[in-house]
There are 2 protein chains.
Amino acid sequence: MLNVCLIGAGGVGTCAAYVLEKSMRCHVTAVLRSNYAVVQKEGFDIDSVDHGQIRGWKPHRVTPSLSSATTDQPYDFIVITTKAIPELAASLIPGLKPLITPSKTSLVLIQNGLAIEEPFASAFPETPVLSGLSMIGSRTTSPRTVFQEDPDQLRIGPYYHHVDSLQKSTQLDAARLFVETYSAGLSDTKSGAECVLAEDIIAARWRKLLWNGSFNTICAVTRMSVGEVLSSPGRTTLLEPAMREIAAIGTAAGYGDTVSEDVVQFLLHDTPDSSPFRPSMLVHLEKGQPLELDVILGAPLRVAREKGVSTPVLSQVYELLNVVQWHLLRRQTP
Amino acid sequence: MLNVCLIGAGGVGTCAAYVLEKSMRCHVTAVLRSNYAVVQKEGFDIDSVDHGQIRGWKPHRVTPSLSSATTDQPYDFIVITTKAIPELAASLIPGLKPLITPSKTSLVLIQNGLAIEEPFASAFPETPVLSGLSMIGSRTTSPRTVFQEDPDQLRIGPYYHHVDSLQKSTQLDAARLFVETYSAGLSDTKSGAECVLAEDIIAARWRKLLWNGSFNTICAVTRMSVGEVLSSPGRTTLLEPAMREIAAIGTAAGYGDTVSEDVVQFLLHDTPDSSPFRPSMLVHLEKGQPLELDVILGAPLRVAREKGVSTPVLSQVYELLNVVQWHLLRRQTP
């Protein structure tokens, strides 16, 4: 049995923990914070398009903190499914150290945005970092209940950070093992769920960023649903230019094929004007929670500055959301 | 006695009607819409830093519509104190025609923003248009109650539109008469209220726009108070650049002395970081009412385009507020 530690049992993380245990190839230790007591007592209820109705399910082990997640058997994978916030990553790193066994453990980041791997790769240069992108449409509906609307589509690839002592093949092998294990947990689903190896995961991140950098951010600033923005004058004055700015940055970064005009056109026309979907950043804003602003806009805008790409819309949207985020965080602090 | 018709009895308009009647030199006909019945029955209650507590006050006459505001004695002044919205101006103009007596009536616009005079001057080229800027801090607290926090500071000047048949002196005389009349209504106040003649009222509009184009718009997009924006990173990333863009446009339009760096510095440091003030555009947004976006940002941005002034912050703030306004108006329409 593989030994897995999973940090961040929200919508994505709880489903991932369930799938990994369903593979019958892992034991999962889930690190829970605010919901530890209730899950320890009653387990999770999951309503899933992939797995049906699950009641009172518990991972192999739940712990209330990183420091209580230590184990005799070294971890094969530490899966991080928290929100992608630089401050949160920085605060996790010291606690991860005792959980990582050199030449054994790999980190798996299943998170939104760009450049999320960097802090982990710098802190643990000898440890393979696997980078994962999830399309799953799952969300927590209470501290112990999760609703999953769309089939689990998970892409995993090695980050390939540049360290002589860490072979590319080691990193790729780790990614393969994780994908096989996760896929085993999806083998009995009929909803189209799949976990695939994406050797160029950074390209896939740019592809997803076309949508997240434009729709997600502009819906948040305007407090409007995807369909409302698409029906509004903002479709041509904000959304399309924003998406083309992401495409221009991605092209300058060497991912022109991935963020081509064809893809932009597809994304602009794929969603109906009637869609009531409220993207994650708007949901976080409305809940008064931190936004994934740095990994969704901050990081691509740093690339834009480095490459000299002009970003008239995104720069202002970033500054406005940065102020909104400052306001959210200030209200949280007593 | 002068005969005055006043359209738009909100915070500014109700106080103006009261002052004009208090002068003992006018009869005011106030055109009321939604609050006609209640004011006709019970009058206005006004709590005013200038005039104290006034209970059950009624203008000389109230009418429920423009068409019922016709009178045997021609109007000397038609005072418009509605919100400055181009669609509203356009819808008022046909109804104003029967109320205007050539060589007798002047229009007085007491409204925010830039270029508010144009539609009236084009529709009534022979009629003097007086342009007024009010600093009064008054607001309606119910359909028949008004709260006035700051002393009434009203500047009135002729718009001087270019028509051969209308003498400059005629326009200036009309402005003088209005200022004298209004001042008579303020003569017993001790709070610092005053009505003054501003021969270059357009310069005064640019001066006020420095604040309205920056603080008012950025508080609205971010849904934050003046003090919150001032304390946030947005002070340097958004507010200061936005105000300097207005200054650059005003300078290109020939008002460089009025919108100088000294004035910018004063406005940036005049308000304490602790100010809980929520500017008008934010208040309108929160009430789901139309924003004065065109006269506060649309008009100066048209000047910017004409003069080739770069407006990276204001252009995006405008587009975002334009989308928010679209959303507000769509929700109003059944």
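Residues numbered from 1 in each chain as written. Chains lettered and ligands numbered in written order. Predicted model: local features only at pLDDT ≥ 70, side-chain atom pairs only at ≥ 80, totals over all residues. Heavy atoms only, no water.

1. Looking at the interface of chain B and chain A
(1) Moving on: In this complex, chain B contributes 22 residues to the contact, which on the side of chain A involves 22 residues.
(2) Moving on: Both sides together, the interface formed by chain B and chain A hides about 2200 Å², and carbon and sulfur atoms give 71% of it.
(3) Moving on: It is B:Gln316, B:Leu320 and B:Val323 in chain B that bury the most area against chain A; as a group they hold 25% of the surface buried on that side.
(4) Moving on: Scanning the region where chain B abuts chain A turns up 0 salt bridges. (Contact = heavy atoms within 4.5 Å. Buried area = accessible area lost by both parts, 1.4 Å probe. Salt bridge = Lys/Arg side-chain N within 4 Å of Asp/Glu carboxyl O.)

2. Quick look at the UniProt feature "domain: Ketopantoate reductase N-terminal" (unreviewed entry) in chain A
(1) Moving on: Mapped onto the present numbering, the UniProt feature "domain: Ketopantoate reductase N-terminal" (unreviewed entry) falls on residues 4-159 of chain A.
(2) Moving on: A helix fraction of 23% and a strand fraction of 35% characterise residues 4-159 of chain A, whose end C-alpha atoms lie 19 Å from each other. (UniProt positions renumbered as here; feature names shortened; annotations may be inferred. Helix = DSSP H or I, 4+ residues; strand = E, 2+ residues; numbered from the N terminus.)

3. Here we look at the pattern of salt bridges
(1) Moving on: The final tally for this structure, using the stated rule, is 26 salt bridges over all chains.
(2) Moving on: Between B:Asp188 and B:Lys22 there is a salt bridge, and its shortest N-O distance comes to 2.9 Å. Of the two residues, B:Asp188 is situated in the loop between helix H5 (168-186) and strand S12 (194-197) and B:Lys22 in helix H1 (residues 11-22); the sequence distance between them amounts to 166 residues.
(3) Moving on: Each of the salt bridges in this network shares a partner with another, and the network as a whole consists of A:Arg235, A:Glu240, A:Arg244, A:Glu261 and A:Asp273.

4. Section: the packing of helix H8 (residues 234-252) of chain B against helix H12 (residues 312-332) of chain B
Residue and element names in this part refer to chain B.
(1) Moving on: Viewed as axis vectors pointing N to C, H8 and H12 meet at an angle of 105°, and their least axial separation amounts to 7 Å. What the angle tells us is that H8 and H12 run roughly perpendicular. Along its contact with H8, which presents Thr237, Leu238, Pro241, Ala242, Glu245, Ile246 and Ile249, the element H12 presents Pro312, Val313 and Leu314.
(2) Moving on: Split by residue class, the contact of H8 with H12 holds 8 nonpolar, 1 polar and 1 charged. (Axes fitted to C-alpha atoms, helices over the stretch in contact; angles between N-to-C directions. Parallel < 35°, antiparallel > 145°, perpendicular 65-115°, else oblique. Nonpolar A, V, L, I, M, F, W, Y, C, P; charged D, E, K, R; others polar.)

5. Some points on the relation of the copies chain B and chain A
Mapping between the two copies of the chain is achieved by a rotation about an axis and a shift along the axis.
(1) Moving on: Here chain B sits on chain A after a turn of 180° about the axis and a move of 0.0 Å along it, with an RMSD of 0.0 Å. What we have between these two chains is a two-fold relation.
(2) Moving on: When you check the interface residues of chain B against chain A, 100% turn up at the interface there too, and the contact is symmetric in its surfaces. (Least-squares fit on C-alpha atoms with pLDDT ≥ 70 in both.)

6. Section: the packing of helix H8 (residues 234-252) of chain A against helix H9 (residues 261-270) of chain A
Residue and element names in this part refer to chain A.
(1) Moving on: Between H8 and H9, the least distance of the axes is 10 Å, while the angle of their chain directions is 145°. As H8 runs across H9, the sense of the crossing is right-handed. Contacts between H8 and H9 involve Arg235, Glu240, Met243, Arg244 and Ala247 from the former and Glu261, Val264, Gln265, Leu267, Leu268 and His269 from the latter.
(2) Moving on: Of the residues belonging to the contact of H8 with H9, the class tally is 5 nonpolar, 2 polar and 4 charged. (Left-handed = near helix turned anticlockwise from the far one by under 90°.)

7. Side note on the environment of A:Lys97
(1) Moving on: Mapping A:Lys97 onto the fold places it in the loop between helix H3 (86-96) and strand S7 (106-110).
(2) Moving on: Separated by 26 residues in sequence, A:Lys97 and A:Ala123 place their C-alpha atoms 9.0 Å apart.

8. Description of the nonpolar core
(1) Moving on: Grouped together as the largest cluster of nonpolar side chains are 156 residues, with contacts concentrated most on A:Ile78, A:Leu96, B:Ile78 and B:Leu96.
(2) Moving on: Those residues in contact with B:Leu96 that sit more than four places away from it in its chain are B:Ile7, B:Leu66, B:Ile78, B:Ile80, B:Leu107, B:Phe120 and B:Phe124.
(3) Moving on: Counting 37 residues, the second largest nonpolar core, distinct from the first, contains A:Leu6, A:Ala17, A:Ile54 and A:Cys195. (Core = buried A, V, L, I, M, F, W, Y, C linked by side-chain atoms within 4.5 Å. Buried < 20%, exposed > 50% of the residue type's maximum accessible area, 1.4 Å probe, protein only.)

9. Things to note about helix H3 (residues 86-96) of chain B
All names here are of chain B.
(1) Moving on: Buried residues of H3: Ala89, Leu92, Ile93 and Leu96, and no others. Buried residues in H3, looked at end-on, bunch into an arc of 115°, giving them a common side. Across from the buried face of H3, at angles greater than 90 degrees, the exposed residues are Glu87, Ala90 and Pro94.
(2) Moving on: Along its buried surface, H3 packs onto strand S1 (2-7), strand S6 (77-80), strand S7 (106-110) and helix H4 (118-123). (Arc of directions from axis to C-beta.)

10. Considering the packing of aromatic side chains
(1) Moving on: Tallied over the full model, the rule gives 14 aromatic pairs over all chains.
(2) Moving on: The interplanar angle of 10° and the centroid separation of 4.9 Å between the aromatic rings of A:Trp211 and A:Phe215 together place this pair among those described as stacked. With a gap of 4 residues between them, A:Trp211 and A:Phe215 both fall in helix H6 (residues 201-222), about one helical turn apart. A single burial state applies to A:Trp211 and to A:Phe215, both of which are buried.
(3) Moving on: Ring geometry for B:Trp211 and B:Phe277: centres 6.3 Å apart, planes at 45°, overall tilted. One end of the pair, B:Trp211, is in helix H6 (residues 201-222); the other, B:Phe277, is in the loop between helix H9 (261-270) and helix H10 (280-286), and 66 residues separate them in sequence. (Phe/Tyr/Trp six-rings, centres within 6.5 Å; stacked < 30°, edge-to-face > 60°.)

11. So, the environment of A:Ile218
Residue and element names in this part refer to chain A.
(1) Moving on: Topologically, Ile218 is positioned in helix H6.
(2) Moving on: A relative accessible area of 1% places Ile218 in the buried class.
(3) Moving on: Separated by 72 residues in sequence, Ile218 and Val146 place their C-alpha atoms 27 Å apart.
(4) Moving on: Beyond its immediate sequence surroundings of up to four residues, Ile218 is in contact with Val229, Leu238, Leu239, Ala242 and Val317.

12. Structural notes on the domain arrangement of chain A
Residue and element names in this part refer to chain A.
(1) Moving on: Domain parsing of chain A yields domain 1 (2-199) and domain 2 (202-332).
(2) Moving on: On a C-alpha basis, the centres of domain 1 and domain 2 stand 25 Å from each other.
(3) Moving on: Facing the 19 residues of domain 1 at the interface are 19 residues of domain 2.
(4) Moving on: Note on domain 1 versus domain 2: buried area summed over both sides is about 1500 Å², and carbon and sulfur give 59% of it.
(5) Moving on: Broken down residue by residue, the surface that domain 1 buries against domain 2 is led by Lys83, Asn112 and Leu114, which jointly contribute 45%.
(6) Moving on: When the shortest N-O distance is used, the salt bridge between Arg205 and Glu117 registers 3.1 Å.
(7) Moving on: Across the contact surface, domain 1 and domain 2 share 13 residue pairs in polar contact (both at pLDDT 80 or more).
(8) Moving on: Counting residues per element, the side of domain 1 that touches domain 2 draws most heavily on strand S8 (residues 129-135), which supplies 5 residues.
(9) Moving on: Split by residue class, the side of domain 1 that touches domain 2 holds 10 nonpolar, 6 polar and 3 charged. (Domains from an automatic or database assignment. Polar contact = N/O pair within 3.5 Å; in protein donor to acceptor, adjacent residues only side chain to side chain.)

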